[in-house]
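# Descriptive analysis of the structure
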Amino acid sequence: MATRRFPSSRLTPLQKAAAVIITLGSENASKIYKFLREDEIEKLSVEIAKFDHISPEEIREIVEDFYGLCITKKVISEGGIEYARDVLEKAFGPKQAASYMERVTRSLQTRAFEFVRKADYKNLLAILQNEHPQTIALILSYARADQAAQVLAELPKDRRIDVVERIANLDRANPEIIRLVEEVLSKKFENIVVDVVEIGGVNYMADIMNQVDRGTEKQVFDELYARDPKLADEIRKRMFVFEDIVYLDNLSIQTFLRAVDTKDLAIALKAANPEVAEVIFQNMSSRMQETIKSDIEYLHNVRLRDVEEAQQRIVSIIRNLEEEGALVISKGGKDDVFV
C-alpha cells in the first residue's frame, strides 16, 4: 500500500494532534487517552490509523508548533496576556508570538457553555428561539461558528439582524451573568467559575458570516447596511469570501489550489466572475488549466446552490490554510468587492 505523506502545513488540527500522539509512543498515548472523551478518542484513532510514515522534518515542525502552544498557554495562565505577549515575542519573535497568542486565547474563550458546543444545532435552535436576542447573542458567542451560522440562518429575519448586531457589539461579559445564563439553560452546570474573557465582537461575527450560506449572507448584509452601515462595513472588512481570491498573492493562490478538490474548483468556477476565474487560471499549470476548463465545459444543469457550496468549501480551505500560516489573506481593498 502506498505511504500516505502530508506536508505539515496542510495538516488539519486533528491530523496534527494525531501526529503528536504518535510521537509520544503507545504507553504515553494511552495515558492521554484517559483524559479524552469517547468521540475525541475515536476521531484521533482514525487519523492515527491513516498515517503510515511521517518524515523527521514534518515531525519536528509539528512538535515545535505544539511546544509553542503549550508554552503560550502556560505563560498566559501564570502571568496574564501582556506578560505572555512579552515573553513570547522574546522567545519566538513578534509574528510567531502573535499567532500563538491568537490560537491559545481563542481556545481559552470557549471554557464556558461546553454543553452548547456539543449540542446539535437544531436542539440549540429549539432552546434559543424564544430567548431574548441579547441572550441568543451571548450563547452564540460561545458556540462553534458553524453552529452559530446554522442557528442564525433559521432565525426569523428581524430577530436575525438584531442578534447579528448584538454579537458584533459584544465585548466582555461578567462571570456572574454567564453563570446565571448557564444555570437557566442547563442543569448540568453548577457554579462554573470563569474569567472575564472577550466574547463575540466583530471578528467573531465575521467568522460566523463566512460560514453561513450565500443567501443568508446577502439578506443579513442588505438589512444590516440599512440599519447600521458602519457596523456592516466593519464586519465586511474582516470577512473573506470567494470573490476576494483576487486579492491573494500568487503564492497563496498556488498554495490553496494544491489543497482543493478539482471537482469543487470546476463547479465553483462555472459561475464565478471573470476576474476571479482569470486570477485562478493564471496560477495553474497548462495541464491543470486544460483539465479544469474541460470539466467546466462538460458541466451541465449545475444549480446555483451547488456552485455556492463549492465556493464555500474552497473558502473554508483558504481560511484553514491561513490559520495554519500556510498563506496570507490580504484584507486590503475589500470594500470595493461587495455590492
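Residues numbered from 1 in each chain as written. Predicted model: local features only at pLDDT ≥ 70, side-chain atom pairs only at ≥ 80, totals over all residues. Heavy atoms only, no water.

This brings us to the confidence of the model for the protein. Looking at the protein, pLDDT values average 77 and 79% of them are 70 or higher. Confidence scores differ between elements of the protein, with helix α11 (residues 175–185) showing the lowest mean pLDDT of 69 and helix α17 (residues 274–282) the highest of 93. Taken together, the stretch residues 188–198 has pLDDT below 50 and engages in 26 contacts with residues farther than four places along the chain or on a different chain. (pLDDT = per-residue confidence, 0-100. Helix = DSSP H or I, 4+ residues; strand = E, 2+ residues; numbered from the N terminus. Contact = heavy atoms within 4.5 Å.)

What follows covers unusual backbone geometry. Negative phi is the rule for most residues except glycine; trans is the rule for most peptide bonds. Within the chain, Asn-301 stands out as a residue other than glycine whose phi angle is a positive 55 degrees. Looking at the secondary structure, you find Asn-301 in the loop between α18 (286–297) and α19 (304–323).

Turning our eyes to something else, we now look at the environment of Leu-327. On the secondary structure map, Leu-327 appears in the segment after α19. Relative accessible area serves as the criterion here: at 5%, Leu-327 is assigned to the buried category. For the pair Leu-327 and Leu-248, spaced 79 residues apart in the sequence, the C-alpha separation amounts to 8.8 Å. Contact partners of Leu-327, with chain neighbours within four places excluded, come to Ser-252, Thr-255, Phe-256, Ile-318, Leu-321 and Glu-322. (Buried < 20%, exposed > 50% of the residue type's maximum accessible area, 1.4 Å probe, protein only.)

Let us now look at the packing of aromatic side chains. All told, the structure shown has 1 aromatic pair when counted by the stated rule. Relative to Tyr-225, the ring of Phe-221 has its centre 6.2 Å away and its plane inclined at 40 degrees; by these criteria the two rings are tilted. Here Phe-221 pairs with Tyr-225, and both are found in helix α13 (residues 214–227), just 4 residues apart, close to one helical turn. Classification of Phe-221 by relative accessible area gives buried; the value is 1%. (Phe/Tyr/Trp six-rings, centres within 6.5 Å; stacked < 30°, edge-to-face > 60°.)

Should their charged atoms come close, side chains of opposite charge can pair. According to the stated counting rule, one finds 7 salt bridges in the structure shown. Between Asp-306 and Arg-303 there is a salt bridge, and its shortest N-O distance comes to 2.9 Å. Accessibility expressed as a relative area gives 23% for Asp-306, which makes it partly exposed. Salt-bridge contacts for Arg-305 lead to Glu-309; the nearest nitrogen and oxygen are separated by 3.1 Å. Of this pair, Arg-305 and Glu-309 both sit in helix α19, 4 residues apart, roughly one helical turn. (Salt bridge = Lys/Arg side-chain N within 4 Å of Asp/Glu carboxyl O.)

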